[in-house]
Each structure stands twice: as C-alpha cells, then as structure tokens.
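Here are the chains, one letter per residue:
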Amino acid sequence: MPLPAHAAPALGPSASPAERTAPAGVPPRNAPRTATLRLSGTDQGRVQASEFVERTLGDWQLDWCREDALTIVTELAAGAVRDTLADNPGDETAPEVWLKLTLRPAHLVCAVTDRSRSLPGYPSTTDPLEEHGRGLHLVEALSEHWGWTRSAPTGKTVWAMLPTRPRT
C-alpha cells in the first residue's frame, strides 16, 4: 500500500549569523552543504553509495551519525534501483538514481531520487523472518523525519532527516 506523500524539507543551506560560530563537534559553517552522486543500478552502486556517505560525513565531521546514515541510504537506494528496474523489465542499463546529502544546521538530509512510477510503501508480510519489505521500517526507526515527494513527469524523491548533534 503506497504511503501518503509528504512535503519535502527545504534542502538548501540556511544558517543564521549566530550559527556561524559553531561549538565543538558541529560541522564548520564553510563546509560544503550539499553532495550529490549518480548511482549505478548494480552492486557497484551500493559500494559507491557507502563510500560516498562515509567520505562526505567524514568531511562534514558527522562521524556519530555515519551508521544510521549508511543504513538509511542503503535502504533508500536499494528501493529506488529495484523500483526503477521493475518499471523497465529486460533493460539492464543503469537506472537513473541520484543520492543527495544535504547538511542543514540541525539535520542531515539523505534523499534518493528515481524515475520509477512505483510509490514507496510498507509491504505486508506474515513471516517475521522475511528478508524483504523492511527498508522503510528501518528508515522510520532511524530517522527523525522521513517522507517522499513526486517528481514530474514521473518519479519520486524519498528523504530522511537525521539530527546533526551527537546523541548524549
């Protein structure tokens, strides 16, 4: 069952003058605010996504949210590639899937965009050991907020927000 669409968070940088002097452990104001990667629809794409997340979060000094971000990106990217390939059976060319990480003052936004007509949803399963169908449950459990928006003419962006402050 598809989930209702939610408005996407504003993904642009927005720092007030008070945020220019960040306390210890907070990414510096002059750090890059957005990083984007086109993913291939292969196992190599998953490796690229993981390396990209690790490198970007290291550059942004967000090591404490690395594991959650890696899990979220892995689940969102896997769903996007699966949906895109399902929309184009027999076409094994790399689907158009984009990963975007955006650093905001209080959140890291992980967003994956694809051109699939399939909408995100929670597949129902009666088997508690089923391996598939748990991705969005993981995303929901790990993120502070998540949702999706449609893209025109087809496609969607699924996003999740993680807090940028370390857990205490």
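Located above this text is the structure these notes cover.
Within every chain, residues take consecutive numbers counted from 1 along the sequence as written. Totals for whole chains, interfaces and linings use all residues, but because this is a predicted model, local features are given only for residues with pLDDT of at least 70 and pairs of side-chain atoms are given and counted only at 80 or more. Based on all heavy atoms of the structure, the side-chain values leave hydrogens and waters out of the count.

A. Representation of the overall build of the protein chain within the structure. The secondary structure content of the protein chain amounts to 3 helices and 5 strands. The order of α-helices and β-strands along the protein chain, N terminus first, is β-α-α-β-β-α-β-β. Contacts were defined at the residue level, with two residues in contact if any of their heavy atoms lie within 4.5 Å. In the protein chain, of all internal contacts separated by at least 6 residues, the share reaching a separation of at least 24 is 67%. Here the accessible surface of atoms and residues is derived via Shrake-Rupley with a 1.4 Å probe, and residues count as covered only by protein chains that are part of the display. Carbon and sulfur atoms make up 54% of the accessible area of the protein chain, which totals about 9400 Å². Labels follow the DSSP assignment, with helices taken as runs of H or I lasting at least four residues and strands as runs of E lasting at least two, numbered in each case from the N terminus.

B. Quick look at empty space enclosed by the protein. Cavities and pockets are defined on a 1 Å grid built over the protein atoms alone: a cavity is a set of grid points where a 1.4 Å probe fits but cannot escape, while a pocket is an open set with protein on both sides within 12 Å along at least five of seven lines, and lining residues are those with an atom within 4 Å of any such point. Grid points are joined across faces, edges and corners, and a volume is the space filled by probe spheres set on the points. Applying the stated criterion to the full structure yields 1 cavity of 30 Å³ or more. Size it by volume and the largest cavity reaches roughly 70 Å³. Breaking the lining of the largest cavity down by element, the ones donating at least two residues are helix H1 (43–59) and helix H2 (66–87). Lys, Arg, Asp and Glu make up the charged group, whereas Ala, Val, Leu, Ile, Met, Phe, Trp, Tyr, Cys and Pro make up the nonpolar group; the residues left over, Gly among them, are polar. Of the residues that constitute the lining of the largest cavity, the class distribution is 5 nonpolar, 4 polar and 1 charged.

C. Structural view of the environment of glutamate 67. Within the fold, glutamate 67 resides in helix H2. A C-alpha to C-alpha distance of 9.8 Å links glutamate 67 and leucine 142, two positions 75 residues apart in sequence. Pairing of N or O atoms within 3.5 Å defines a polar contact, subject to two protein rules: one partner must be a possible hydrogen donor and the other a possible acceptor, and residues neighboring in sequence count only if both atoms are side-chain atoms. Reaching out from glutamate 67, the side chain makes a polar contact with the side chain of arginine 66 at a distance of 2.9 Å.

D. Quick look at unusual backbone geometry. Positioned with a positive phi, glutamine 61 is a non-glycine residue whose angle comes to about 55°. Along the chain, glutamine 61 falls in the loop between H1 and H2. Relative accessibility under 20% of the residue-type maximum defines a buried residue, over 50% an exposed one, and the middle range a partly exposed one, all with a 1.4 Å probe and only protein chains included. Using a relative accessible area of 40% as the deciding quantity, one classes glutamine 61 as partly exposed.

E. View of the environment of valine 81. With respect to the helices, strands and loops of the structure, valine 81 is situated in helix H2. By relative accessible area, which is 15% here, valine 81 ends up buried.

F. Structural detail: the pattern of salt bridges. Any Lys or Arg side-chain nitrogen located within 4 Å of an Asp or Glu carboxyl oxygen qualifies as a salt bridge. One pass over the structure, following the stated rule, counts 3 salt bridges. One salt bridge in this structure joins glutamate 54 and arginine 66, with 3.6 Å as the shortest N-O distance. With glutamate 54 in helix H1 and arginine 66 in helix H2, this pair connects stretches of sequence that are 12 residues apart. With a relative accessible area of 26%, arginine 66 lands in the partly exposed category. For glutamate 67, the salt bridge identified is with arginine 66, shortest N-O distance 2.9 Å. Glutamate 67 gets classed as partly exposed once you look at its relative accessible area, which sits at 47%. What you see here is one network of salt bridges that share partners, running through Glu54, Arg66 and Glu67.

G. How the structure looks around the sheet that holds strand S5 (residues 156–163). Ordered by their spatial adjacency, 5 strands build an open sheet running S1-S2-S3-S5-S4, and the pairing between neighbours is antiparallel. Among the strands making up the open sheet, the edge pair consists of strand S1 (34–39) and strand S4 (145–150). Shown here is a sheet whose adjacent strand axes are inclined to one another by a mean of 15°, direction ignored. When DSSP finds two or more bridges between a pair of strands, those strands are recorded as paired. In the sheet, S1 pairs with strand S2 (residues 97–103) via 6 bridges, with the strands oriented antiparallel. Its bridge partner lying in S2, threonine 36 is registered against lysine 100. Whenever a helix is involved, its axis is fitted only over the stretch in contact; in every case the axis is a line through C-alpha atoms, and angles between N-to-C directions fall within 0 to 180 degrees.

H. View of the nonpolar core. To qualify as a nonpolar core, a set must consist of buried Ala, Val, Leu, Ile, Met, Phe, Trp, Tyr and Cys residues joined through side-chain atoms within 4.5 Å. Core analysis: the biggest nonpolar cluster contains 31 residues, and Val53, Leu57, Trp60, Leu99, Leu101 and Leu108 have the highest contact counts within it. Breaking this core down by element, the ones donating at least two residues are S1, H1, H2, S2, strand S3 (107–114), helix H3 (135–142), S4 and S5. For this core, the leading source of residues is H2, giving 8 residues. The residues contacting leucine 57, other than those within four sequence positions of it, are Leu62, Asp63, Cys65, Arg66, Ala69 and Leu108.

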